[in-house]
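Commentary on secondary and tertiary structure
The residues making up each chain are set out below.
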Amino acid sequence: MIFSDLLNATNHSLSNGLTGIPLSGAMDNTETWQQHLLQSGEPALQDIGRELGNLQSLLSAGDAGLDAQAIGRSLSMLGAQTAEIVRTAPDEVRSGLSSLSDTLLKAGGQLEQSR
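Residue numbers here run from 1 along each chain, matching the order of that chain's written sequence. For this predicted model, a pLDDT threshold of at least 70 governs which residues receive local features, and a threshold of 80 or more governs which side-chain atom pairs are given and counted, while totals over whole chains, interfaces and linings are taken from all residues. The side-chain values count all of the structure's non-hydrogen atoms but skip hydrogen atoms and water molecules.

A few words on the environment of glutamine 46. Every helix listed is a DSSP run of H or I at least four residues long, and every strand listed is a run of E at least two residues long, numbered separately from the N terminus. Secondary-structure assignment places glutamine 46 in helix H3 (residues 43–59). Each C-alpha atom of the pair glutamine 46 and glutamine 34 lies 8.2 Å from the other, and the pair is twelve residues apart in sequence. Reaching out from glutamine 46, the side chain makes a polar contact with the backbone oxygen of leucine 38 at a distance of 3.1 Å. Two N or O atoms form a polar contact when they lie within 3.5 Å of each other; inside protein one atom must be a possible hydrogen donor and the other a possible acceptor, and for residues adjacent in sequence the pair counts only when both atoms belong to side chains.

Here it is, written out as structure tokens:
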């Protein structure tokens, strides 16, 4: 799957909110992104890939052990990291990356505030 297709699929999946994605689907999506980003050779993208690994470990704790605040912090970090790469991204994916960044920051903020 090429980058823009993966980006569009991710944005579409997130359009109904985080709870609209089954945990297994979220794990598959983050795994695909992580592989793509870690193999990119770009330090900023590899940093995002490493944070995705952190998110995966948080999500793999199972339903009873999910830490909403820690997941929120990870999503916020991913949103901030994604926002950083928008300005140097190719034109054809810039809008999609901005949308993804906004979604991750919003979702992360909501989870960080949950108790």
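Moving on, we come to the packing of aromatic side chains. In this scheme Phe, Tyr and Trp rings, the latter by its six-membered ring, pair at centre separations within 6.5 Å, and the angle between planes marks the pair as stacked below 30 degrees, edge-to-face above 60, and tilted otherwise. Counted by the stated rule, this structure contains one aromatic pair. Here phenylalanine 3 and tryptophan 33 contribute two aromatic rings whose centre-to-centre distance is 5.3 Å and whose plane-to-plane angle is 90°, an arrangement assigned as edge-to-face. Note that phenylalanine 3 is positioned in helix H1 (residues 3–14) and tryptophan 33 in helix H2 (residues 23–38), a separation of 30 residues in sequence. The rule is simple: take the accessible area with a 1.4 Å probe, protein chains only, and divide by the maximum for that residue type; under 20% is buried, over 50% is exposed, in between is partly exposed. What makes phenylalanine 3 partly exposed here is its relative accessible area of 23%.

This brings us to the pattern of salt bridges. Basic side-chain nitrogens of Lys or Arg form a salt bridge, by our definition, when they fall within 4 Å of a carboxyl oxygen of Asp or Glu. Per the stated rule, a full pass over the model turns up three salt bridges. Ionic pairing is found between aspartate 47 and arginine 50, a salt bridge with its closest N-O pair at 2.5 Å. Taken together, the residues aspartate 47 and arginine 50, both in helix H3 and three residues apart, mark about one turn of the helix. Residue glutamate 84 pairs with arginine 87 through a salt bridge whose shortest N-O separation is 3.0 Å. Classification of glutamate 84 as partly exposed rests on a relative accessible area of 47%. What makes arginine 87 exposed here is its relative accessible area of 59%.

Time to look at the packing of H1 against H2. Between H1 and H2, whose axes approach to 11 Å, the crossing angle comes to 150°. Taken as axis vectors, H1 and H2 run roughly antiparallel relative to one another. Between H1 and H2 lies a crossing of left-handed hand. Across the interface between the two elements, Phe3, Leu6, Leu7 and Thr10 from H1 touch Asn29, Thr32, Trp33 and His36 from H2. For helices, the fitted line uses only the C-alpha atoms of the stretch in contact; every axis is such a line through C-alpha atoms, and the angle between N-to-C directions lies from 0 to 180 degrees. An angle below 35 degrees is treated as roughly parallel, one above 145 as roughly antiparallel, one from 65 to 115 as roughly perpendicular, and anything else as oblique. Whether a crossing is left-handed or right-handed is set by the direction in which the near helix is turned from the far one by less than a right angle, anticlockwise for left-handed and clockwise for right-handed. Every residue pair with non-hydrogen atoms within 4.5 Å of one another is taken to be in contact.

Attention shifts here to the confidence of the model for the protein chain. Within a predicted model, pLDDT stands for the predictor's per-residue confidence, ranging from 0 to 100. Looking at the protein chain, the pLDDT average stands at 90 and 95% of residues meet or exceed 70. When the elements of the protein chain are averaged for pLDDT, H1 gives the smallest value, 88, and helix H4 (residues 68–86) the largest, 95.

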